[in-house]
Each structure stands twice: as C-alpha cells, then as structure tokens.
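Examination of the molecular architecture
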Amino acid sequence: MQRSAVTGQVELTQQSVYRIVDALTERGMVVQGAPVPGHGRGQPSPTLRLNGGYAYSCGISLNADEIGVCLMDMSGKVLAREGIAVTGQTMAQALEQMRSLISALSVRCGLSEDALLGIGFAIAGYNVGGTRYNAPLPLHEWSLIELGPLLNAEFSKPIWIYNASQTAAVAESMFGVGRHVRNFAYLFISYGFGGALIHDGELLTGGHYNAGEFACILQPDEIARRPALKYLVSKLEANGLAMSSIAHLRRAFKGDWPGVAEWLDDTVPVYNRIINAIIGVYDPQAIVFGGEVPRELTTMLIARTEIYDRPRYGVPHPLPKFIAGEVNDHAPAIGAAAVPFKAMVF
C-alpha cells in the first residue's frame with residue numbers, strides 16, 4: 001500500500017506515521033518502493049511492503065499420526081511445509097524428527113537460524129493449565145506435562161503453544177475463509193474432533209484457553225458418535241477397507257465406500273446438536289469445516305444438517321453459512337507459524 005494510505009488505518013498523525021515507517025525501513029522490516037503517480041494532489045507517496053526476508057518463524061503441529069512443519073516469512077509467505085508420520089514413535093524420536101525436518105527445510109530455503117523469530121507449537125488435545133495439554137491416547141507421553149520448558153530447551157527459541165484446532169482456525173482466518181468472514185466457528189474434524197472460534201478476525205481462547213471444545217456438550221455415551229475420523233476409519237476397516245492414516249483417508253475418500261453411510265447414521269444426530277449449540281451460543285457468520293475432513297464428506301455432512309430453530313411470525317433466526325475450509329494441507333502448522341509474528345510483531 002502507499003505510505004499516505006497508512007494514516008487512514010491508524011490513530012496517528014501523518015508525521016508520526018512517516019517517522020515510524022522510516023524507522024521500520026532503517027531496521028529492514030519494511031521496504032519502500034516506487035511511488036504510484038496519479039493518486040491525489042502533491043508529491044506521489046512511496047509504496048510499502050513487508051520485508052519477508054527480515055525474519056521467519058516455524059510452526060509445528062503434533063497430531064495423533066502426523067507431525068507437520070511449516071516455515072513462514074514475515075510477509076506471511078509460506079516458505080515450506082511438510083508432514084511426516086509419527087505413529088508409534090516415542091516423544092524423543094518425534095522431537096528428533098522435528099529437529100531434522102526443520103533443519104532440512106531451513107537449508108532448502110537458504111534460511112539462517114539467527115533469523116528464526118520463534119516457534120508456534122500445536123498439539124491435539126485440550127489445555128489443563130499452563131502449557132499442559134491432555135492429548136489423545138496415541139500422544140499419551142505428551143500429556144499432562146509442561147511442554148513449554150521442554151520445547152524451549154529442545155529448540156532454544158521462544159515457544160507458543162496452542163491446541164491444533166485453534167492454530168488451524170488461525171490459518172483459516174489469515175489465509176482462507178477469514179479473508180471475507182470476520183466471525184466464524186471452526187470445526188476441526190481429524191483423528192479426533194475439536195474446534196475453535198474466530199471473533200472479529202482474532203482467535204477467541206476463553207477463560208481456560210479451551211473455547212471451541214464443542215464436544216463438551218455431549219453425554220459420555222455420545223462421545224464415540226462425535227464427528228471424529230478415527231471412528232470412520234474403524235467402520236471402514238470393519239468393512240474390509242484398510243486405512244494407513246487419516247491423511248490416506250483424506251486423499252482417497254469415496255462417499256460410496258461401505259461403512260460411510262453407517263458412520264453418518266451414527267454421527268449426524270450428535271453433529272446436528274453441536275451445530276445448533278454453536279448457532280445458539282455464538283451466532284457466527286459461518287461454520288467452517290476444517291481439519292483433515294475430505295471435501296466430499298464435508299458436502300455429505302452439510303446436506304444432512306438440521307436446524308432446530310422454529311420461525312416466529314414466519315421469520316427465522318439468521319443462519320450461518322456452511323463452508324468447507326480453504327486451508328487444507330497442514331493448517332495447524334501454518335497457523336502455528338503465524339503465532340510468533342502475531343505475538344511479537346503484529
């Protein structure tokens with residue numbers, strides 16, 4: 001954008017904006033380009049852009065069966081992203097995998113470790129205080145321990161930790177649906193089931209950092225019928241279809257597979273209660289289907305959505321749009337990579 005346009009976006013005088021922009025330019029965080037003529041009277045104002053090469057961040061996501069790593073520069077450009085299987089690995093083995101992958105991606109992109117601003121870390125599970133998370137059974141070794149000091153010692157960089165649903169929603173808010181929707185609920189449909197809330201473009205964490213744990217409304221005997229893909233995998237395997245991972249399921253999914261209809265029959269009543277609770281409590285502009293849910297399965301769930309609202313005087317409540325997520329590959333890692341910049345720079 002032009003430097004002169006910045007004044008209209010912030011509560012600062014033109015002189016203050018110019019002084020700050022000059023200081024950021026001297027530090028190398030902002031690059032000033034050629035002015036664009038023909039906009040208003042007087043001397044054309046230079047254009048400004050963020051200098052992506054000033055610093056970069058790393059995002060790591062730890063799910064039940066996969067580690068995702070993303071490198072992002074300061075302009076928000078994703079430099080690299082990659083996932084590796086983690087099934088059956090110990091914590092020590094997984095940490096070594098993370099270090100090796102970060103190192104390999106950094107070398108591939110020609111990045112210096114000195115320019116690494118910090119690391120965002122996303123884990124499947126809910127927060128139980130501090131940097132302790134209660135993760136699903138495949139990640140039991142990571143559960144109920146302070147991850148912050150452990151990861152800081154491993155990587156010697158500032159660390160921010162969130163659950164994977166939240167960082168996936170951050171990615172969607174910055175690079176996907178959030179570019180045109182400011183308030184949405186995010187359904188994180190993966191090995192398990194979670195969610196997050198984006199309010200006015202920002203992550204809404206709640207009092208205990210667990211806002212968006214939509215499955216908390218369910219009774220204990222309903223938990224196994226929530227829209228989690230591990231239960232779909234079990235249905236498919238019972239019908240003779242072997243799935244090596246959730247990523248395999250997402251890539252190969254067919255709606256007519258034996259076991260899919262049975263999973264939908266079990267899941268849809270619980271899913272509909274969650275949807276209606278979200279609408280009643282949060283009133284979002286949109287409900288976004290994200291995580292690792294196959295696009296065709298998203299369409300099938302949306303088609304089976306039942307709204308409980310009964311119109312008064314023939315006029316119903318305004319309803320959210322139901323939208324498939326636009327950030328599909330390694331969304332938790334991408335969102336985790338954005339966290340250090342949002343915390344320290346923006």
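Here the structure is a predicted model, which means the values were calculated and not measured. Along each chain, residues carry numbers from 1 onward, in the same order as the chain's sequence is written. Given that this is a predicted model, residues contribute local features only at a pLDDT of at least 70 and side-chain atom pairs are listed and counted only at 80 or more, while totals for whole chains, interfaces and linings are drawn from all residues. Side-chain numbers come from the whole structure's heavy atoms, not from hydrogens or water.

1. With respect to the overall build of the protein
Defined as follows: Note on conventions: DSSP H or I runs of at least 4 residues are helices, E runs of at least 2 residues are strands, and numbering of each starts at the N terminus. Only C-alpha atoms enter the radius of gyration, while the globule expectation follows 2.2 Å times N to the 0.38, with N the number of residues. In this scheme, a residue with accessible area under 20% of its type's maximum is buried, one over 50% is exposed, and one in between is partly exposed, where area comes from a 1.4 Å probe on protein chains only. By definition, residues are in contact when any of their heavy atoms lie within 4.5 Å. Areas reported as accessible are Shrake-Rupley estimates using a 1.4 Å probe. Residue values count occlusion only from the protein chains shown.
When its secondary structure is counted, the protein shows ten helices and 14 strands. In terms of C-alpha radius of gyration, the protein reaches 22 Å, essentially the compact-globule figure of 20 Å for 346 residues. With the C-alpha coordinates of the protein rotated into their principal frame, the extents come out at 70 × 60 × 35 Å. Buried positions account for 49% of the 346 residues belonging to the protein. For the protein, restricting intrachain contacts to residue pairs at least 6 apart in sequence, the fraction spanning at least 24 positions comes to 63%. Of the roughly 16,800 Å² of accessible surface on the protein, a fraction of 53% belongs to carbon and sulfur atoms.

2. Quick look at the packing of aromatic side chains
This is how the line gets drawn: To pair, rings of Phe, Tyr and Trp, with the six-membered ring standing in for Trp, must have centres within 6.5 Å; the planes then decide the type, stacked if under 30 degrees apart, edge-to-face if over 60, and tilted in the middle.
One pass over the full model with this rule turns up five aromatic pairs. Ring geometry for Phe121 against Trp142: centres 6.1 Å apart, planes inclined by 25 degrees, an arrangement best described as stacked. One end of the pair, Phe121, is in strand E6 (residues 116–123); the other, Trp142, is in the loop between strand E8 (132–134) and helix H4 (147–155), and 21 residues separate them in sequence. A residue is classified by how much of its surface remains accessible, and Phe121, at 1% relative accessible area, is buried. Trp142 gets classed as buried once you look at its relative accessible area, which sits at 3%. A ring pair is formed by Phe289 and Phe322, whose centres lie 6.5 Å apart and whose planes are at 50 degrees; its orientation type is tilted. Linking Phe289 in strand E13 (residues 286–291) with Phe322 in strand E14 (residues 321–324), this pair joins segments that are 33 residues apart in sequence. Each member of the aromatic cluster is reached from another via a ring pair, and the members are Tyr271, Phe289 and Phe322.

3. Some points on the sheet that holds strand E3 (residues 56–62)
The condition is simple: Strand pairing is assigned whenever DSSP detects at least two bridges linking the two strands. Helix axes are fitted only over the stretch in contact, all axes being lines through C-alpha atoms; the angle between N-to-C directions runs from 0 to 180 degrees.
Spatially, E5-E4-E3-E6-E9 is the arrangement adopted by the five strands of the open sheet, whose pairing is mixed. This sheet does not close on itself; its edge strands, each paired only once, are strand E5 (78–85) and strand E9 (159–163). Direction aside, neighbouring strands of the sheet carry axes that sit 15 degrees apart on average. Packed onto the sheet, helix H10 (residues 331–344) meets E3, strand E4 (66–73), E5, E6 and E9 and runs at close to 135 degrees relative to E3.

4. What about the pairing of strand E10 (residues 184–189)?
Burial analysis of E10 places six of its six residues in the buried class, which makes it a mostly covered element. Residues of E10 alternate between two faces, with Phe184, Tyr186 and Phe188 on one and Ala185, Leu187 and Ile189 on the opposite face, all of them buried. Across six bridges, the pairing between E10 and strand E11 (residues 193–199) is antiparallel. Of the residues in E11, the one forming a bridge with Leu187 is Gly195. Hairpin connection between E10 and E11: a loop of three residues separates the two successive antiparallel strands.

5. Remarks on the environment of Ile84
Counting through the fold element by element, Ile84 comes out in strand E5. As for Ile84 and Pro158, which are separated by 74 residues in sequence, their C-alpha atoms are 23 Å apart. Sequence-distant contacts of Ile84, that is, excluding residues within four places in its chain, are made with Asp65, Glu66, Ile67, Gln97 and Leu101.

6. Points about helix H9 (residues 295–303)
The condition is simple: Each direction from the helix axis to a C-beta atom contributes to the arc, which is the arc of those directions.
Within the sequence span of H9, burial applies to Leu297, Thr298, Met300 and Leu301. Considered in projection along H9, the buried side chains sweep an arc of 160 degrees and stay on one side of the axis. Contacts made by the buried residues of H9 are with E10, helix H6 (229–238), helix H8 (260–282), E13 and E14.

7. With respect to the sheet that holds E10
In spatial order, the strands read E12-E11-E10-E13-E14; together these five strands make up an open sheet with mixed pairing. What marks the edges here is a single partner per strand, and that holds for strand E12 (202–204) and E14. Between one strand axis and the next, the sheet turns through 30 degrees on average, direction left out of account. Both E10 and E13 contribute to a ladder of six bridges, which runs parallel. Looking at the pairing, Leu187 lines up with Phe289 of E13.

8. A word on the pairing of E3
The buried count for E3 comes to seven of seven residues, which makes it a mostly enclosed element. Of the two faces of E3, the one lined by Tyr56, Cys58, Ile60 and Leu62 and the one lined by Ser57, Gly59 and Ser61 are each fully buried. As paired strands, E3 and E4 are joined by seven bridges and run antiparallel to one another. Bridged to Ile60 within E4 is Val69. In sequence, E3 turns back onto E4 through a hairpin of three residues. Where E3 meets E6, six bridges bridge the pair, whose relative direction is parallel. Bridged to Tyr56 within E6 is Leu116.

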